[in-house]
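# Fold and contact review
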Amino acid sequence: AVETQVELLRSRALAARVVENAGLVNNPVWNPRVTDRGRNFTPAQAAREREAVIDRVRESLEIERNGSTYVIAIRATAPTAESAADLANEVAAAF
């Protein structure tokens with residue numbers, strides 16, 4: 001029950017939804033290549049870029065159950081406190 005919810009929160013599918021909903025592919029905090037936007041990307045390059053952002057988001061998250069309670073903690077690490085809070089809130093909203 002709760003552990004299943006934790007695994008869903010950690011899933012690649014949820015991270016992909018967060019990246020899409022929050023437009024993180026276009027956010028320089030999560031995608032340093034945003035400055036390369038002047039170039040034309042092939043669909044394969046765009047897909048690789050999106051996958052890299054999803055990986056970066058997943059690596060930035062720590063999701064765990066608090067002891068034996070029904071509380072799940074969502075922690076995010078980012079260059080700024082605001083970016084970290086935004087990511088954690090986006091994950092909660094997408095769930």
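I will try to describe carefully the structure that is included in this document.

## Thoughts on helix H2 (residues 12–22)
Residue pairs three or four apart in sequence face the same way in an α-helix, which turns once every 3.6 residues. Among the residues making up H2, those that are buried are Leu-14, Ala-15, Ala-16, Val-18 and Val-19. Looking at the buried residues of H2, the elements they touch are helix H1 (2–10), helix H3 (43–59) and helix H4 (81–94).

## Some details on the packing of H2 against H3
Taken N-terminus to C-terminus, the directions of H2 and H3 make an angle of 110°; their axes are 9 Å apart at the nearest point. Between H2 and H3, the angle falls in the class roughly perpendicular. Pair H2 / H3 crosses with right-handed handedness. Of H3, the residues touching H2 (which contributes Arg-12, Ala-15, Ala-16, Val-19 and Glu-20) are Arg-50, Glu-51, Val-53, Ile-54, Asp-55, Val-57 and Arg-58. Residues that form the contact of H2 with H3 fall into these classes: six nonpolar, no polar and six charged.

## Notes on the side chain of Ser-60
Note that Ser-60 resides in the loop between H3 and strand S1 (61–65). The buried category is assigned to Ser-60, whose relative accessible area is 11%. Engagement of the side chain of Ser-60 in a polar contact is seen with the backbone oxygen of Arg-56, the distance being 2.8 Å. Once residues lying within four places of it in the same chain are set aside, the contact partners of Ser-60 are Trp-30, Arg-75, Ala-76, Thr-77 and Leu-87.

## Notes on H1
By the burial criterion, the buried members of H1 are Val-2, Val-6 and Leu-9. Buried residues of H1, seen end-on, are gathered within an arc of 60° and therefore sit on one face of the element. Residues of H1 that are buried in the fold lie against H2, S1, strand S2 (72–76) and H4.

## Details of the pairing of S1
One ladder, built from five bridges, connects S1 with S2; its direction is antiparallel. Within S2, the residue paired with Glu-64 across the bridge is Ala-73. As consecutive antiparallel partners, S1 and S2 are separated by six residues, and within that stretch Gly-67 has a phi angle of approximately 60°, a positive value.

## Here we look at the nonpolar core
Note on soluble globular proteins: their nonpolar side chains tend to be buried together. Ranked by size, the top nonpolar core spans 21 residues in total, and within it Val-19, Leu-24, Val-53, Val-57, Leu-61, Leu-87 and Val-91 carry the most contacts. Mapped by element, the contributors of at least two residues to this core are H1, H2, H3, S1 and H4.

## A few points about the environment of Ala-47
Residue position: Ala-47 is located in helix H3. Looking at Ala-47, the relative accessible area reads 38%, which means it is partly exposed. C-alpha separation for the pair Ala-47 and Ala-16, spaced 31 residues apart in sequence, amounts to 12 Å.

What counts and what doesn't
- Residues numbered from 1 in each chain as written.
- Predicted model: local features only at pLDDT ≥ 70, side-chain atom pairs only at ≥ 80, totals over all residues.
- Heavy atoms only, no water.
- Buried < 20%, exposed > 50% of the residue type's maximum accessible area, 1.4 Å probe, protein only.
- Helix = DSSP H or I, 4+ residues; strand = E, 2+ residues; numbered from the N terminus.
- Contact = heavy atoms within 4.5 Å.
- Axes fitted to C-alpha atoms, helices over the stretch in contact; angles between N-to-C directions.
- Parallel < 35°, antiparallel > 145°, perpendicular 65-115°, else oblique.
- Left-handed = near helix turned anticlockwise from the far one by under 90°.
- Nonpolar A, V, L, I, M, F, W, Y, C, P; charged D, E, K, R; others polar.
- Polar contact = N/O pair within 3.5 Å; in protein donor to acceptor, adjacent residues only side chain to side chain.
- Arc of directions from axis to C-beta.
- Pairing = 2+ DSSP bridges.
- Core = buried A, V, L, I, M, F, W, Y, C linked by side-chain atoms within 4.5 Å.

From the geometry alone we can't say anything about function, so treat these as descriptive.
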